[in-house]
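Next come the chains, spelled out residue by residue.
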Amino acid sequence: MATDDGDGVGRGPEPGFEGPLYLAETTENRWIGYVEAHDCSMLVTDTKAASAMLQRYGKMRSQALSHQATANLLKQMQGAL
């Protein structure tokens, strides 16, 4: 389900909407991931799946607000209450 935040651009669910995801690089330079969901958790050791998690994480970082923009948004939301 896409949402519209007022800028006219439809957006789908956030890339990490199922729950937290964790990424770690091994001493052999391989990436592994761990996903926590509502009723199950999963350790991801498959190279392609871990790569997809890295790409998802990169997308979340690129879409995230800066610390200052987040603080300003929270103040704005607080004032609207």
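Here we summarise the structure given alongside this text. For every chain, the first residue of its written sequence is number 1, and the numbers climb from 1 along that sequence. Thresholds applied to this predicted model are a pLDDT of at least 70 for local features of residues and 80 or more for the giving and counting of side-chain atom pairs; totals over whole chains, interfaces and linings are not thresholded and use all residues. In computing side-chain properties, one takes all heavy atoms of the structure into account and sets aside hydrogens as well as water.

**Examining the overall build of the chain**
- Helices and strands together make up the secondary structure of the chain, namely two helices and five strands.
- Each helix and strand of the chain, placed in order from N terminus to C terminus, yields the pattern β-β-β-β-β-α-α.
- Pairs at least 24 residues apart make up 25% of the contacts formed inside the chain by residues separated by at least 6 positions.
- Only the protein chains shown count as cover for residues, with accessible areas throughout obtained via the Shrake-Rupley method and a probe of 1.4 Å. Approximately 6,700 Å² of the chain is accessible, and the part contributed by carbon and sulfur atoms is 57%. By the criteria applied, helices consist of DSSP H or I runs no shorter than four residues and strands consist of E runs no shorter than two, each listed in order from the N terminus. Residues count as neighbours in contact if any of their non-hydrogen atoms are within 4.5 Å of one another.

**A word on the packing of aromatic side chains**
- Aromatic pairs are defined between Phe, Tyr and Trp rings, using the six-membered ring for Trp, whenever the two ring centres lie within 6.5 Å; interplanar angles under 30 degrees are classed as stacked, those over 60 as edge-to-face, and all others as tilted. Tallying each qualifying case throughout the model produces one aromatic pair.
- Ring geometry for Tyr22 and Tyr34: centres 6.1 Å apart, planes at 35°, overall tilted. Taken as a pair, Tyr22 in strand S3 (residues 21–25) and Tyr34 in strand S4 (residues 31–36) lie far apart in primary sequence, twelve residues in all.
- Overall, the relative accessible area of 43% leaves Tyr22 in the partly exposed class. For every residue, the accessible area obtained with a 1.4 Å probe (protein chains only) is divided by the maximum for its type, and the residue is called buried under 20%, exposed over 50%, and partly exposed between those limits.

**Overview of helix H1 (residues 47–63)**
- Between the first and last residue of a helix there are one fewer steps than residues, each counted as 1.5 Å, and that sum is the expected span. The end-to-end C-alpha separation of H1 is 25 Å, in line with the 24 Å expected for 17 residues at 1.5 Å each.
- The opening residue of H1, the one whose side-chain oxygen lies 3.3 Å from the backbone nitrogen of Lys48, is Asp46. Between N or O atoms, a polar contact is any pair within 3.5 Å; within protein, one atom must be a potential hydrogen donor and the other a potential acceptor, and residues adjacent in sequence are included only when both atoms are from side chains.

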